[in-house]
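# Structure assessment
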Amino acid sequence: MEMHDASVGGDIDSRNDIAEKLGFEIISEQTINECKATAVLYKHKKTGAEIMSVSNDDENKVFGIVFRTPPKDSTGIPHILEHSVLCGSRKYPLKEPFVELLKGSLHTFLNAFTYPDRTCYPVASTNTKDFYNLVDVYLDAVFFPKCVEDFQTFQQEGWHYELNNPEEDISYKGVVFNEMKGVYSQPDNILGRVSQQALFPENTYGVDSGGDPKVIPKLTFEEFKDFHHKYYHPSNARIWFYGDDDPNERLRILSEYLEQFESSSAPNESKVLPQKLFKEPVKIVEKYPAGDGGDLKKKHMVCLNWLLSEDPLDLETELTLGFLDHLLLGTPASPLRRILLESGLGDAIVGGGIEDELLQPQFSVGLKGVSEDDIHKVEELIMGTLKSLAEEGFAPEAVEASMNTIEFSLRENNTGSFPRGLSLMLRSIGKWIYDLDPFEPLRYEKPLQSLKARIAEEGSKAVFCPLLEKFILNNPHRVTVEMQPDPDKASRDEVVEKEILDKVKSSMTKEDLAELARATQELRLKQETPDPPEALRSVPSLSLQDIPRKPIHVPTEIGEINGVKVLQHDLFTNDVVYSEVVFDISLLKKELLQLVPLFCQSLLEMGTKDMDFVQLNQLIGRKTGGISVYPFTSSVRGKVDPCTRIIVRGKAMEARVEDLFNLINCILQDVQFTDQQRFRQFVSQSKARMESRLRGSGHGIAAARMDAKLNVAGWIAEQMGGISYFEFLQDLEKRVDQDWEGISSSLDEIRRSLLSRKGCLINVTADGKNLMNSMKFLEKFLDSLPSTPSIEVGSWQSQLPPVNEAIVIPTQVNYVGKAGNIYETGYQLSGSAYVISKHISNTWLWDRVRVSGGAYGGFCDFDTHSGVFSYLSYRDPNLLKTLDVYDGTDSFLRELELDDDTLTKAIIGTIGDVDAYQLPDAKGYSSLMRYLLGVTEEERERRREEILSTSLKDFKEFADAIEAVKNSGVVVAVASPEDVTRANTERSGFFEVKKVL
């Protein structure tokens, strides 16, 4: 492969010279064909920092710095530090440079993550100037943070005692503290943590790097500072650059930082030691917080976990195990997944299969929604199924389907909105952090070819079955975890916490209490005082001149085949053809609406007259890159009727387009809704999924519920995915046995009412040649559709009653929402609304709900299609207090002072959102969405002009519009019973209470 000199910075000798001058030596240089790149591994001579510099023509540039940070206990040091270093640094001495970057940069990625043994700080941008700004702020943050001298940052992000006045009770506050309380309220998360800690009792993975809320308050500021000093040194850093920027510039920026350090011998202290394998299996029983509704005997969880080896595996074994994982669990037709679900022993699968991100790989699988009496049956079924697979092997069709699916996904490299360079970085770091070869994970071609050759030569049984035996069946390092539901656990934990805090309070003198109340006020004052303008100006930002005036253009040609509109997008897609087939469901009977999600699942997971669902599923895996089916609902601005569609999405290599449309046709027309037992599983799985959403994404549930009270589209979406849907599933579970014929014929009726060329729309994204070739197959597909639907029905004009509602679940944290429709106040949409709502989220709500309120998140959202403006909080210790913050938003806007810099940042940040980086398939899909919702190119240009010319006056005027949310909005909170009772005592009858779990 040829590389142009410019993109790599000259020939090897001159590259050596430049590196040498800047204090680096080249350790290795390799061409990585898989991502069309040259990768150079450098070492900084003075400090020992290692740098991987990957150069190709990807404009979505990525930088990341990673430190090995193994914790010794569960106080959450690495996690609290990850939050804290982004709160101001030597060069950027403001409260939160991170938030300034969120507000005012064109980042395509900006975040940080804590793993069990490392902490990563990645950023990405397609704009070079912006990219280097982000890099500089992050380098300064990790190496020279203010938090190591600032006790208040530690209190804010980690934990502190809060006391508003000496008469009240003391409480714990802290962003990480509440984030982890939320994590420890979710049964699946508790199971994952218990399993990991039981598999690794003797090394760093035996504690929780995120922090256990019971242990976090044991962390001292001294320990916190020491941890930074010990691990955040260049000698313990791995630094990654990727993309089309100048590789020499990368070294210059790094050199400036690294030269400020002395050499150090710290890295060995951070080395992660392997866990020795057990001699025999272990069993562990733990409790999790459960609601007291429903049959608790059926709410057990059981998971089998294996640690696969003591030593790191070679790349080919790793790849083969990945394949084995896909064969066992990767699709609904995979034998282990299928047999577990068909057994009726549980509702849904738990455990993530193979996990290979840590030093030693592990394998986990189990079920939730299991009866107490069936626990041992689940264990026996898992072991028995694995045993018979090891003896019999896998069907050749299954092996071919897995091979095609995995190969397709490696070649397509479709990381969605996640930058490709970041996904490569995380892959590489998975080895590099353990002092293994960082180049190896970037390459899959050779191990893939040799695996294919081995399967062809020896047969798949000889390849996969010995691995099953060696790593799983004959491996004594097995931990079985049983989780028992405990309806009193949540309240018991609250009581224990209160007792600890009462003890703390009673040990304090009057003076101590007065001092704590003063410190509480002082911290809040600091949190709510804005940074001075000169501090804000220290954070580098772009100017409006750096911003393109025109929106991103997606080529779209609108044609027609057999009376059906076809949208074509001519984009380079590496010979993959992406297609969406869209059907109108507005003719559906209202009472069938709630069956739609299960109808979609049935199309993909039931059989036809000639093929059972396993064969159909394998055929899709062998011939395509995947097919999905789901409902889509949205309001349309200026129209009464919402847009309600079912979308069938598929992708295939250009040589397989005919197969793709044949298979789409097959699932739409030939699938038979006759398999009662499978349908019963779908209902149990969906119910289990909704339960997880309630506990983990309560803000999403609250948002859907508020929407359902405010407009028809919201009502429809909530019927198919909110609390109403959850209640429908609970009822349907009984009906499957009583009235299967009725349900089966309803599914057929849904099909008849949507399958037709009338109201159908096709969207195809590929390059010109492949678009042309696809049309004949598309035409054949459309010919086979009925010309009109066989049913005509009335409308669905419904909404939920607009009352304040509390959805009560067992949780230690709340999700609080308030919303109203601002179009009803006469507000006319302007692009400035995007700038203003982003600004409200990043300033007022961030400061009051997160920073001083202690919630993990607080934000607002403006749905410009429906006019609904909503506020939401996430893992929030408060309830009414958060609503008061929401209600103060109009005053915040009226009193707002904005200098030009701040306004420019807000505008640039908004353009960054509007111009979010998209891969070709996403561009085609967004264009389809705009077409469905009636958003024209002219309107996009007009909105962009309005964004770019937003003024302070717009902010003041917007205050009048959102005042309506304060005065007549609806409130929905997903919250704990204690907090709801307290709120209803404080404001009599404020919430209608609904118990769901």
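Looking at the Subcellular location (unreviewed entry) heading of the UniProt record, one finds this comment for the protein chain: "Mitochondrion". Of the protein chain, the UniProt comment under Cofactor (unreviewed entry) reads exactly: "Zn(2+)".

## Section: the packing of aromatic side chains
Evaluation of the coordinates by the stated rule reveals 47 aromatic pairs. When the centroid spacing of 6.3 Å and the interplanar angle of 70° are considered together, the rings of Phe24 and Tyr42 count as edge-to-face. With a gap of 18 residues between them, Phe24 in strand 1 (residues 24-32) and Tyr42 in strand 2 (residues 37-44) connect regions that are remote in the sequence. Each ring, one from Phe154 and one from Phe224, has its centre 5.0 Å from the other, and the planes form 50°; the classification is tilted. Taken together, the residues span a long stretch of sequence, with Phe154 in helix 6 (residues 151-157) and Phe224 in helix 9 (residues 221-231) at a distance of 70 residues. Using a relative accessible area of 2% as the deciding quantity, one classes Phe154 as buried. One aromatic cluster is present, formed by Phe67, Tyr121, Tyr138, Phe143, Phe144, Tyr232, Tyr257 and Phe261 through successive ring pairs. Here the basic side chain of Arg90 rests over the ring of Phe144, its NZ or CZ set 3.7 Å away from the ring centre. Over the aromatic face of Phe613 sits the side chain of Arg678, whose NZ or CZ is 3.5 Å from the ring centroid.

## Brief notes about the pairing of strand 21 (residues 761-766)
Along any regular strand the residues' side chains alternate between the sheet's two faces. Of all the 6 residues making up strand 21, 6 are buried; the element is thus mostly covered by neighbouring parts of the structure. Alternating positions in strand 21 separate into two faces, Leu761, Asn763 and Thr765 on one and Ile762, Val764 and Ala766 on the other, with burial throughout. In the sheet, strand 17 (residues 564-570) pairs with strand 21 via 6 bridges, with the strands oriented parallel. Following the sheet pairing, Leu567 is matched in strand 21 by Asn763.

## A few points about the domain arrangement of the protein chain
The figure often quoted for interface size is the accessible area lost as the parts come together. When its domains are assigned, the protein chain resolves into domain 1 (15-273), domain 2 (282-417 + 435-486), domain 3 (557-784) and domain 4 (805-995). Computed from C-alpha coordinates alone, the two centres of domain 1 and domain 2 are separated by 31 Å. Taking both sides of the interface into account, the surface hidden between domain 1 and domain 2 amounts to around 2600 Å²; carbon and sulfur atoms contribute 67%. The largest per-residue losses of area from domain 1 upon contact with domain 2 belong to Glu34, Leu191 and Leu199, which jointly make up 27% of the total buried on that side.

What counts and what doesn't
- Residues numbered from 1 in each chain as written.
- Predicted model: local features only at pLDDT ≥ 70, side-chain atom pairs only at ≥ 80, totals over all residues.
- Heavy atoms only, no water.
- UniProt positions renumbered as here; feature names shortened; annotations may be inferred.
- Phe/Tyr/Trp six-rings, centres within 6.5 Å; stacked < 30°, edge-to-face > 60°.
- Helix = DSSP H or I, 4+ residues; strand = E, 2+ residues; numbered from the N terminus.
- Buried < 20%, exposed > 50% of the residue type's maximum accessible area, 1.4 Å probe, protein only.
- Lys NZ or Arg CZ within 6 Å of the ring centre and 35° of its normal.
- Pairing = 2+ DSSP bridges.
- Domains from an automatic or database assignment.
- Buried area = accessible area lost by both parts, 1.4 Å probe.

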